[in-house]
Structure formats: C-alpha cells, structure tokens
Amino acid sequence: MRANLSGTSFPSELRDLLQRRLGELEKQLLKKVSNLEQEKSQLSNATAAYRLKTESTLNALVERISELEKGGGDFKSPEQFKLSLPQRTNYLYGRITKTLPEMYAFTLCMWIKSSASPGVGTPFSYGVPGQANEIVLIEWGHNPIELLINDKVAQLPLEVRDGKWHHICISWTTRDGQWEAYQDGEKLGTGDNLAAWHPIKPGGVIILGQEQDVVGGRFDAGQAFVGELSQVNIWDRVLKPVEIQSIANCSSYLAGNVISWLASNVEVFGRGAFKRPLEICLERLPNL
C-alpha cells in the first residue's frame, strides 16, 4: 500500500516541482523582457535627445552664420555695435524701437564718424504728430551743425567731418531754452532761448540717418547721414561735465535712462545699411 501510495504521489510532486520551476523561469523571462524593453526605451529616448541636441546645435550654427552675414552677430556686449550708413540715399536708416516720454530737459550723446561733403547729413531726428522737427541734429550743405527743437534752430560749433570717431553730446533744458554742446569731452558752445519753456512731446519716432518731413518717413536723400553712428543714448536730464568727459575718454560707459544703445533697440532698413561689431575706444585710441 505504501508503495502504491508513493507511486501515485511521486508524479504529482514532480508535476508541482516542474510547475514551480516553470513559473520561476517564466518570471525570470518576463523580467528579462521587461529589462530589455526598458533599455530599448532608454536608448530610444537617448537617441531622440541626441537628435534634438544635434538639430538645436545645427540651428544655432545656421542662425550664427546668418547673423555674421548680416554683420550683426559678433557683439562683445549689447552696446558694442555701430550703425553703418555708407551711401546718401532716402532709404538707408536706423530706427529706435522705443520712444521718448515728455521731457523738460535732455542730454543726447553719440559717437559719430563721417567724411561726407558737403555736410554729414542728419544723424538724429525725432518727430511727433504735428511736429516732424521736435528734435533734429543736422548738418547739410555748407552750414554748421544745427540743433532743432520744435523747429527752432541753434547753430553748434562742432566739427566732425574728418573721417575720425568723435564723441558729441548736446544738452538742453526748457528753462530759458539753455543748451550746451560738447565734442570729445570738451564744452565748445552754449546758448539759450532755444524753444524756451517748450516740453519735449512724447510718443514720437526716432530715426537715425534721415530727416523726417512727416513722422517716420518722407525722407530727402540730400539730408541723409553718411557715415557710422554708435552708442546713441538719451537722458531726461542735463549730464554733468565730468560724466560726459568720462564717456568721451573711454573711462566709463553710461547708458541713457530714456533711450539706451542696445542691439535689440535698433532696427536697420535698406539694403546696404548694417549693424556691425565695434570696439569704439580701440578704434579711436589705438594706443590703448
């Protein structure tokens, strides 16, 4: 009887053992398959990430090449660029993307380089609805450089037609219409009664290189600026002489609190006009 019982129970025990072993092998196999699937997914994700990184790098290179072709992609800092307007036309110009608030005083400074004759043209103009000549800096024909405010005129004792970089600043206050003109850090002229008690109107358009007959347009090629401009900054106050001198002698850089010279703030129009890299003090003072 024991033999019979043993004989009948052995196949059942073997069957249970085999089932357990098969179950364990199945679990191991499923785990292995799961691990392989996970590795495959990770590899796929890594491949996708690598592909995206590669595409991003290529896109960045394409953009970089495009910037270099335009001449505007190698600025060491946002203000280290110049606007180049090489021809006297009515379609080459720069436009500041920001406008001016109402102001009762201002200082306008810039670096300027030109050898155009007769007259360098119009490096700066600000027009508002109803007054295209709200603020204009112009040298046309054989006239001296003129500052126009609300169409009133003052002649400035500045000389910038020698093809070299010069730093100029013009300050003005509505109180008695007082103005001052600086070149390369030195005050060369002063006067009064220029648009006295007239506040500068807000919301107009700033154009670099053209004189506006209507706000933002109707340019005259005969009054266009020919040359290069950089670091055109505007403050809503009269700068101190020491501040102007420090900018002109390259000992400091002071950004305008109303309009600051940034690559993102200047739009360029016309085939032949460019934003180019510039180390202005190294160009002007090579011994540095």
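About the criteria used
- Residues numbered from 1 in each chain as written.
- Predicted model: local features only at pLDDT ≥ 70, side-chain atom pairs only at ≥ 80, totals over all residues.
- Heavy atoms only, no water.
- UniProt positions renumbered as here; feature names shortened; annotations may be inferred.
- Pairing = 2+ DSSP bridges.
- Helix = DSSP H or I, 4+ residues; strand = E, 2+ residues; numbered from the N terminus.
- Axes fitted to C-alpha atoms, helices over the stretch in contact; angles between N-to-C directions.
- Patch = residues over 30% accessible without salt bridge, like charges linked within 9 Å, V, L, I, M, F, W, Y side chains within 5 Å.
- Areas by Shrake-Rupley, 256 points an atom, 1.4 Å probe, with all protein chains shown as cover.
- Salt bridge = Lys/Arg side-chain N within 4 Å of Asp/Glu carboxyl O.
- Buried < 20%, exposed > 50% of the residue type's maximum accessible area, 1.4 Å probe, protein only.
- Polar contact = N/O pair within 3.5 Å; in protein donor to acceptor, adjacent residues only side chain to side chain.

- Per an unreviewed UniProt entry, the recorded name for the chain is Neuronal pentraxin-2, and the organism is Characodon lateralis.
- In its Cofactor (unreviewed entry) section, UniProt records this for the chain: "Ca(2+)".

### Digging into the sheet that holds strand S11 (residues 205-208)
Right, on to step 1. Across the sheet, which stays open at both edges, the 7 strands sit in the order S7-S6-S5-S4-S11-S2-S13 with antiparallel pairing between neighbours. Single-partner strands in this sheet number two, and they are strand S7 (152-155) and strand S13 (266-269). Geometrically, the sheet is characterised by an average inter-axis angle of 20 degrees between neighbouring strands, direction not taken into account.
Right, on to step 2. Alignment of strand S4 (residues 121-128) against strand S5 (residues 131-139), held across 5 bridges, turns out to be antiparallel. Within S5, the position partnered with serine 125 by the bridge is valine 136.

### Comments concerning a nonpolar patch on the surface
Right, on to step 1. Residues Leu14, Leu17 and Leu18 make up a contiguous nonpolar surface patch of roughly 250 Å² in combined accessible area.
Right, on to step 2. A relative accessible area of 47% places leucine 18 in the partly exposed class.

### A word on the environment of serine 251
Right, on to step 1. Its place among the elements puts serine 251 in the loop between helix H2 (241-248) and S13.
Right, on to step 2. Looking at serine 251, the relative accessible area reads 53%, which means it is exposed.
Right, on to step 3. Each C-alpha atom, one on serine 251 and one on cysteine 281, is 9.5 Å from the other, the two residues being 30 residues apart in sequence.
Right, on to step 4. Separated by 2.7 Å, the side chains of serine 251 and asparagine 249 make a polar contact.

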